[in-house]
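Now for the letters of each chain:
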Amino acid sequence: MPMVANTRRQMARLAATLTALAPALGAAADAPVPSKGDTAWMLTATALVLLMSVPALALFYGGLVRTKNMLSVLMQVFVGFSLITVLWCVYGYSLAFTEGNAIIGGLSRAFLSGTFDAKSGAFSLASTFSKGTPLYELVYVAFQGTFAAITCCLILGSLVERIRFSAVLLFLVIWFTFSYCPIAHMVWYWAGPDAYTTADRAAAVNATAGLIWRWGALDFAGGTVVHINAGVAGLVGAFLLGKRVGYGREPMPPHSLTMTMIGASLLWFGWFGFNAGSALEANGSAALAFMNTYLATACAVLSWMFTEWLVKGKPSMLGAATAPVAGLVAITPAAGNVGIPGAFVIGLGVGVVCLWGVTGLKRIIHADDSLDVFGVHALGGTFGALMTGIFNSPALGGPGSTVDWVKGTTGFPGIWRQLLVQFQAVLLVVVWTATVAFIAFCIVKLVAGLRVPEEEEREGLDITSHGERAYDL
């Protein structure tokens, strides 16, 4: 009997303990856990975006310069990408994607603090665009890190063949800190859908978001943050650096259109991670972004080629390799924000717009934007951002832009209103990045000097800056 009584007391204590723990256990059971499918997709998308820089962008840019400067371009992209990756983990992610004010975040995630607890083995979670569907924050850190790094590398296309390597590195540090991080925060930072619990709380949550997000501007994967941001900075640099020795008097053809075509092809491949990955989930939005990216790019190739054929009499491989980049740039802000009709129009339109940008517009502005970063990225990004404001309309096949995160409903404010918001966002980014780039280049000029001496430029940066040659001929 004593044993039976003791067993009964133990059972009673266990029941009481379980009763007390029931709310906590229930909450733990109900706590959302990242989907393995979403995690696998986002890790894959991150790797695809990394491939866009090394090797894709490096080969695309490298093939467009002269033989004597090929290695210098590879070096600038490879090391620039690595530099920004490190800075992103030190402070960039925290400045861009933590709560601060309307312009910039804080330093609560400096050195990625709080993303992983070694004692408990717990990982912090980041929001996606669906309630109760989190993502491991470290996956989001890596994904966005590849965006930051390639954006900085894009600028280099305007500066190649005459800029000091030390100037490249110092400029990237300044511009990344004071242009990329604030603009990423303004366009993309918000608290996430799970923060919207009641209608009364919604206004307070909205007030913590970045400035351009509050306006309601749409940028699915980086039309403003990446392409306009980099393209305008590149143009400023081209003006301040001056034209290459012999520009306009000596022929400066690409030394390997084969490499440029390979680079363009790899960019197209990697861009599916860039755009479809920006859905942050393996869902219908990712599928829409994937298909729009696929279609718009092909449309841009055809529109550019046939326009060039009509105007110049011959379709060129240089044009055919540049055209998909223009299409990819333009569909970036629109990828998950427009329907299939929008992808057709954006792709066909941007081929013509960017062809004019790298020919007619380039002659008008008289800048030696060496690899047409402004004409393709800034102009294409602007075209895509504005067209997003039109084709986001459900009447034109789009999904609509406004979301009531409490009720889970979507809407659309009207084409003219959304178009105005898109224009305001583009204008702010242009002014911001141009100002930061100008100041950054001036600082670099004072501290390290911007341009290599003329004799080094004539000999080529491969030998004079790095002591190596890309080819042993």
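What counts and what doesn't
Residues numbered from 1 in each chain as written. Predicted model: local features only at pLDDT ≥ 70, side-chain atom pairs only at ≥ 80, totals over all residues. Heavy atoms only, no water. Helix = DSSP H or I, 4+ residues; strand = E, 2+ residues; numbered from the N terminus. Rg over C-alpha atoms; globule rule 2.2 N^0.38 Å. Buried < 20%, exposed > 50% of the residue type's maximum accessible area, 1.4 Å probe, protein only. Contact = heavy atoms within 4.5 Å. Areas by Shrake-Rupley, 256 points an atom, 1.4 Å probe, with all protein chains shown as cover. Lys, Arg positive; Asp, Glu negative; His and termini not counted. Charge placed at Lys NZ, Arg CZ, Asp CG, Glu CD. Polar contact = N/O pair within 3.5 Å; in protein donor to acceptor, adjacent residues only side chain to side chain. Bend = angle between axes of the 7 residues up to and from the residue. Core = buried A, V, L, I, M, F, W, Y, C linked by side-chain atoms within 4.5 Å. Salt bridge = Lys/Arg side-chain N within 4 Å of Asp/Glu carboxyl O. Axes fitted to C-alpha atoms, helices over the stretch in contact; angles between N-to-C directions. Parallel < 35°, antiparallel > 145°, perpendicular 65-115°, else oblique. Left-handed = near helix turned anticlockwise from the far one by under 90°. Nonpolar A, V, L, I, M, F, W, Y, C, P; charged D, E, K, R; others polar. pLDDT = per-residue confidence, 0-100.

As for the overall build of the protein
Of regular secondary structure, the protein possesses 17 helices and six strands. Over its C-alpha atoms the protein spans a radius of gyration of 25 Å, differing by no more than 12% from the 23 Å that the globule rule assigns to 473 residues. Counting only residues that meet the buried cut, the protein has 52% of its 473 residues in that class. Long-range pairs, those at least 24 residues apart, make up 78% of the contacts in the protein between residues at least 6 apart in sequence. As displayed, the protein has an accessible area near 19,900 Å², and 68% of this comes from carbon and sulfur atoms. Distance between charge centres in the protein, computed from 26 positive and 24 negative side chains, equals 4 Å.

Considering the side chain of Asp-38
In this structure, Asp-38 sits in helix 2 (residues 36-64). Looking at Asp-38, its side chain comes within polar contact range of the main-chain nitrogen of Ala-282, at 2.8 Å. Those residues in contact with Asp-38 that sit more than four places away from it in its chain are Thr-133, Leu-135, Glu-281 and Ala-282.

Some points on helix 5 (residues 165-188)
The sharpest bend along helix 5 reaches about 45 degrees and sits at Phe-176. For helix 5, the buried fraction is high: 19 of the 24 residues fall into the buried class.

A look at the nonpolar core
Trp-88, Phe-171, Trp-175, Phe-176, Tyr-180 and Phe-274 are the most contacted members of the largest nonpolar core, which has 124 residues in total. Sorting elements by how many residues they give to this core places helix 5 first, with 14 residues. Dropping the residues within four chain positions of it, Phe-274 is found in contact with Val-49, Met-52, Phe-143, Phe-147, Ile-150, Ala-221, Val-226, His-227 and Thr-332.

Some thoughts on the pattern of salt bridges
All told, the structure shown has nine salt bridges when counted by the stated rule. In this structure, Arg-451 engages Glu-457 in a salt bridge whose closest nitrogen and oxygen atoms are separated by 3.0 Å. Accessibility expressed as a relative area gives 22% for Arg-451, which makes it partly exposed. Linked through salt bridges whose partners overlap, the residues forming this network are Arg-66, Glu-161, Arg-162, Arg-244 and Asp-368.

Here's the deal with the packing of helix 11 (residues 317-331) against helix 14 (residues 373-391)
Interhelical geometry of helix 11 versus helix 14 gives an angle of 40 degrees and a closest axis separation of 7 Å. If you check the angle between helix 11 and helix 14, you find them oblique. Note that helix 11 runs across helix 14; the crossing there is right-handed. Listed contacts from helix 14 to Thr-322, Val-325, Ala-326, Val-329 and Ala-330 of helix 11 are Val-376, His-377, Gly-380, Gly-381, Phe-383 and Gly-384. For the contact of helix 11 with helix 14, a count of residues per class yields six nonpolar, five polar and no charged.

What about the environment of Phe-438?
Within the fold, Phe-438 resides in helix 15 (residues 415-447). Phe-438 gets classed as partly exposed once you look at its relative accessible area, which sits at 43%. Here the alpha-carbon distance between Phe-438 and Ala-40, two residues 398 residues apart in the chain, equals 41 Å. Apart from residues lying up to four places away in sequence, Phe-438 is in contact with Val-236 and Leu-240.

Considerations on unusual backbone geometry
Residue Pro-55 is bonded to the preceding Val-54 through a cis peptide linkage, with omega at 15 degrees. For Pro-55, the position within the fold is in helix 2. A positive phi angle is found at Leu-280, which is not glycine, with a value near 65 degrees. Following the sequence through the fold, Leu-280 ends up in the loop between helix 9 (257-276) and helix 10 (284-312).

Thoughts on the confidence of the model for the protein
In this model, the protein carries a mean pLDDT of 93, and residues with pLDDT of at least 70 account for 93%. Overall, residues 1-5 carries pLDDT values under 50, and its contacts beyond four positions in sequence, including any with other chains, amount to zero contacts.

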